[in-house]
Amino acid sequence: MTGALHLATAEDFAKLEALVAAFHAEHQIISDATHRQTALQPLLEGSPYGVAYLIGPRRAPVGYVIVSFTWSIAFAGLSATIEEVFIRPNVRGRGMASNALIGLCQTLENNGVVALHVEGSPNPSTSSKLFARLGFRAAEHGTRLTRLR
């Protein structure tokens, strides 16, 4: 099994939504099917604001990664943020996330993304070690703050 990436489309909604539900349950993120559909459907229909990729075999994916896009003055160009990345617990530790993220970084860089971000945790974790190995570093400027409507 590899960490192959496949751009998710509307036909992949059921597979992707099930994986997102599993990620949200694992991380105690409150969401229901309607919330997930509202969040995912635009990405699967070609929204310029983000993309969803399935990880692993297209017919039976084992994970996903969601990326959102913005224009950055600080980085002078197109910027992307990894919103969520998930691999099913029963297949973790096999290098699939690493392979998928290496491919993702290359794909985004080849398509004009000048900066790729991911939210970090102040506590050392498997994911923070993975991102460090992939060349992610702490930002030189402040902490991200969020306001919800």
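First things first, this report covers the structure right here in the doc. Given the structure is predicted, the values throughout are model-derived calculations rather than measurements.

1. So, the packing of helix α1 (residues 13-26) against helix α2 (residues 33-44)
Working step 1: Axis separation between α1 and α2 bottoms out at 10 Å; the angle between their running directions is 130°. Relative to α2, the element α1 is oriented oblique. For α1 against α2, the interelement crossing comes out right-handed. For the pair formed by α1 and α2, the contact residues are Phe13, Leu16, Glu17, Val20, Ala21 and His24 on the first element and Ala33, Arg36, Gln37, Leu40, Gln41 and Leu44 on the second.
Working step 2: Within the contact of α1 with α2, the residues separate by chemical class into 7 nonpolar, 3 polar and 2 charged.

2. Points about the nonpolar core
Most often, soluble globular proteins have nonpolar side chains that are buried together.
Working step 1: Counting 14 residues, the largest nonpolar core has Ala8, Leu16, Leu40, Leu44, Ala52, Tyr64 and Ile66 as its most contacted members.
Working step 2: Sequence-distant contacts of tyrosine 64, defined by excluding residues within four places in its chain, comprise Leu16, Leu19, Val20, Phe23, Tyr53, Leu54, Ile55, Glu84, Val85 and Phe86.
Working step 3: Membership of the second largest hydrophobic core comes to 12 residues, among which are Ala80, Ile82, Cys105 and Val113.

Cut-offs and rules
Residues numbered from 1 in each chain as written. Predicted model: local features only at pLDDT ≥ 70, side-chain atom pairs only at ≥ 80, totals over all residues. Heavy atoms only, no water. Axes fitted to C-alpha atoms, helices over the stretch in contact; angles between N-to-C directions. Helix = DSSP H or I, 4+ residues; strand = E, 2+ residues; numbered from the N terminus. Parallel < 35°, antiparallel > 145°, perpendicular 65-115°, else oblique. Left-handed = near helix turned anticlockwise from the far one by under 90°. Contact = heavy atoms within 4.5 Å. Nonpolar A, V, L, I, M, F, W, Y, C, P; charged D, E, K, R; others polar. Core = buried A, V, L, I, M, F, W, Y, C linked by side-chain atoms within 4.5 Å. Buried < 20%, exposed > 50% of the residue type's maximum accessible area, 1.4 Å probe, protein only.

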